[in-house]
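Secondary and tertiary structure notes
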Amino acid sequence: MDSITQAALGATVAGAIAGKRCNAKVLLVGAALGTLPDLDVLLDYGDAVSNTIKHRGFSHSLLLLPPFALLIAWFYTRLRPDSFWSFARISALTTSVLVTHTLLDAMTTYGTQLLWPIKGYFEVSNIFIIDPIYTLPLLVAIGVALFSKTRAGHWCQAVVALSTLYLVWGYAAQQTITQRVEQNLRAQNLPATDVLVMPSPFNTVLWRVVVLGDGQYWEGLASLLDKNDRIDFISRPLGEWPLEQEPQTLAGLKEFSHNYLNYRQDGDSLIVTDLRLGMADNLAFQFVFAEKDKMGNWQLLKAPTRHPTERNVDQLGTLWQRLKGDQSINANLQRLELSSTNQ
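Just so it is clear, the model here is predicted, and its values are computed rather than measured. (Residues numbered from 1 in each chain as written. Predicted model: local features only at pLDDT ≥ 70, side-chain atom pairs only at ≥ 80, totals over all residues. Heavy atoms only, no water.)

Here the focus is the confidence of the model for the protein chain. The predicted model of the protein chain has a mean per-residue pLDDT of 92, with 94% of residues at 70 or higher. Counted against residues more than four places away or in other chains, residues 334–343, with its pLDDT under 50, gives 50 contacts. (pLDDT = per-residue confidence, 0-100. Contact = heavy atoms within 4.5 Å.)

Taken as a whole and assessed by the stated rule, the structure comprises 0 disulfides. A disulfide-free cysteine, Cys-156 has its sulfur positioned 4.3 Å from the sulfur of Cys-22, the nearest such atom. (Disulfide = S-S within 2.5 Å.)

Now for the side chain of Asp-274. With respect to the helices and strands, the residue Asp-274 is situated in strand S6 (residues 269–274). A distance of 2.7 Å separates polar atoms of two side chains, one belonging to Asp-274 and the other to Arg-276. (Helix = DSSP H or I, 4+ residues; strand = E, 2+ residues; numbered from the N terminus. Polar contact = N/O pair within 3.5 Å; in protein donor to acceptor, adjacent residues only side chain to side chain.)

A complete count under the given rule lists 10 aromatic pairs for this structure. Note on Tyr-110 and Phe-285: the rings are 5.6 Å apart at their centroids and 70 degrees apart in plane angle, and the pair reads as edge-to-face. Linking Tyr-110 in the loop between helix H5 (87–106) and helix H6 (132–147) with Phe-285 in the loop between strand S8 (282–283) and strand S9 (286–292), this pair joins segments that are 175 residues apart in sequence. Of the two residues, Tyr-110 and Phe-285, neither departs from the other in class, the shared state being buried. Clustering of aromatic rings is evident, with ring pairs tying together Tyr-110, Tyr-121, Phe-256 and Phe-285. The ring of Phe-84 is capped by Arg-89, whose NZ or CZ atom sits 4.0 Å from the centre of that ring. (Phe/Tyr/Trp six-rings, centres within 6.5 Å; stacked < 30°, edge-to-face > 60°. Buried < 20%, exposed > 50% of the residue type's maximum accessible area, 1.4 Å probe, protein only. Lys NZ or Arg CZ within 6 Å of the ring centre and 35° of its normal.)

The next thing to look at is the pattern of salt bridges. Across all of its chains, the model carries 9 salt bridges by this definition. With its nearest N and O atoms 2.7 Å apart, the salt bridge here joins Asp-226 to Arg-180. In this pair, Asp-226 sits in the loop between strand S3 (216–223) and strand S4 (234–237) while Arg-180 sits in helix H7 (residues 152–187), placing the two residues 46 residues apart along the sequence. Owing to a relative accessible area of 10%, Asp-226 belongs among the buried residues under this scheme. A residue is classified by how much of its surface remains accessible, and Arg-180, at 8% relative accessible area, is buried. Here Arg-236 ties to Glu-219 by a salt bridge, and the two come within 3.1 Å at their closest N and O atoms. Pair noted here: Arg-236 is in strand S4 and Glu-219 is in strand S3, with a separation of 17 residues, a long-range link. Residue classification places Glu-219 among the buried residues on the basis of a relative accessible area of 1%. Overlapping salt bridges bring together Arg-180, Asp-226 and Arg-322 as one network. (Salt bridge = Lys/Arg side-chain N within 4 Å of Asp/Glu carboxyl O.)

Looking now at the nonpolar core. Counting 32 residues, the largest nonpolar core has Leu-27, Trp-85 and Tyr-134 as the members making the most contacts within it. Put simply, the parts of the chain that give this core at least two residues each are helix H1 (3–18), helix H2 (24–35), H5, H6 and H7. Among the elements that take part in this core, H1 stands out by supplying 8 residues, more than any other. For Tyr-134, the residues in contact, after removing those within four places along its chain, are Met-1, Thr-5, Leu-9, Leu-104, Ile-127, Ser-163, Tyr-166 and Leu-167. Core analysis: the second largest hydrophobic core is formed by 21 residues, Tyr-121, Leu-243, Val-272 and Ala-290 among them. (Core = buried A, V, L, I, M, F, W, Y, C linked by side-chain atoms within 4.5 Å.)

Across its 15 residues, helix H4 (residues 65–79) extends 21 Å between first and last C-alpha, which sits within 8% of the 21 Å expected from 1.5 Å per residue. Check the buried side of H4 and you find it contacts H5. (Expected span 1.5 Å × (residues − 1).)

Orientation of H1 relative to H6, taken along the N-to-C sense of each, is 45 degrees, at an axis distance of 9 Å. Classified by the interaxial angle, the pair formed by H1 and H6 is oblique. The two elements H1 and H6 meet at a crossing, and its hand is left-handed. Residues Ile-4, Thr-5, Ala-8, Leu-9, Ala-11 and Thr-12 of H1 pack against Tyr-134, Thr-135, Leu-138, Leu-139, Ala-141 and Ile-142 of H6. (Axes fitted to C-alpha atoms, helices over the stretch in contact; angles between N-to-C directions. Parallel < 35°, antiparallel > 145°, perpendicular 65-115°, else oblique. Left-handed = near helix turned anticlockwise from the far one by under 90°.)

As summarised here, the arrangement of the 4 strands in space is S5-S6-S9-S10, forming an open sheet in which the pairing is antiparallel. At either end of the open sheet lies a strand with only one pairing partner, and these are strand S5 (261–266) and strand S10 (298–306). Ignoring which end each strand starts from, the neighbouring axes of this sheet average 25 degrees apart. In this fold helix H8 (residues 248–257) packs onto S5, S6, S9 and S10, with an angle of close to 135 degrees to the strand it touches most, S5. (Pairing = 2+ DSSP bridges.)

Once that is clear, we can look at the packing of H1 against H5. Here H1 crosses H5 at 150 degrees, and the two axes come no closer than 9 Å. When the axis of H1 is compared with that of H5, the two are roughly antiparallel. Between H1 and H5 the crossing geometry is right-handed. Contacts between H1 and H5 involve Thr-5, Gln-6, Leu-9, Gly-10, Val-13, Ala-14 and Ile-17 on the former and, on the latter, Arg-89, Ala-92, Leu-93, Ser-96, Val-97, Thr-100, His-101, Leu-104 and Asp-105. Its residues assigned to classes, the contact of H1 with H5 comprises 8 nonpolar, 6 polar and 2 charged. (Nonpolar A, V, L, I, M, F, W, Y, C, P; charged D, E, K, R; others polar.)

With antiparallel pairing, the 4 strands of this open sheet are ordered in space as S1-S2-S3-S4. Looking along the sheet, the strands with just one partner apiece sit at the ends: strand S1 (194–199) and S4. Strand-to-strand, the axes of this sheet are offset by a mean angle of 25 degrees, without reference to chain direction. The sheet strands contacting helix H9 (residues 316–323) are strand S2 (206–212) and S3, and the helix crosses S3 at an angle near 70 degrees.

Here it is in structure tokens:
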């Protein structure tokens, strides 16, 4: 999730644990701890692909965060012993804030290495990487808690419960759409082995569907408000890797994306795109792996670079109409240019 959401979640979780002792200092510490795992973005792994696939790695590991939280609690209680803020309570606060950060990240489509150093990316994809419906109640709770001397902790506890219910709602909505997708794939005689169902930007009502096939993939939109269960899919070519040599960075990108990749030539550049993160023809993670020399032969770049993508909100109105169940605009899916935020 975005940094504002993670800071807000960290603050409210800390306030919920503090209860009657919730105050501005507790909220500030919670916000700082909630942001801490994402500081790994400051690390440079040498190229654009490595920086992408190694984000949410060691700093998000459920094998490392709890021991780290206990270490923080031990240091704090040694430096500032307090009968209320005991080692057990500080441990509960630090562990809860850090673990909820990485678990929330795993709810998005961007993979999280929950068990680092054990390989594997985990993602539930039941919430978009920025969702104001999830974030705003957290911010309201913080604002109220700052001015409420007696019920600050209660507000934080209530909103943490509410935000958790929203995640449950997102998962239930995803499963509802998934059942509908499976019915459509059977009816339209489309492959049903590799299928992704993801929320579209900023909501959990309109869902994006990506289906992999042999040499092509299909993309469609499905809203919980649709009156017609049919999903109109648009077919697009997957392309293929044209070189005999496959760099290690490409293998890493395949693992990160679970092989949901598109290969295409743009001028003299070979672009590899993660099909999961973005929408339609404007996908967020596109990388230049090779360029043609004067003889027209592909030459691998020493370090893949990020291919720029435009972020255009002009089509938000179209997306809003589709969310409300207007299936007549499905033919305009190619022109939707909404991309996700890298986080």
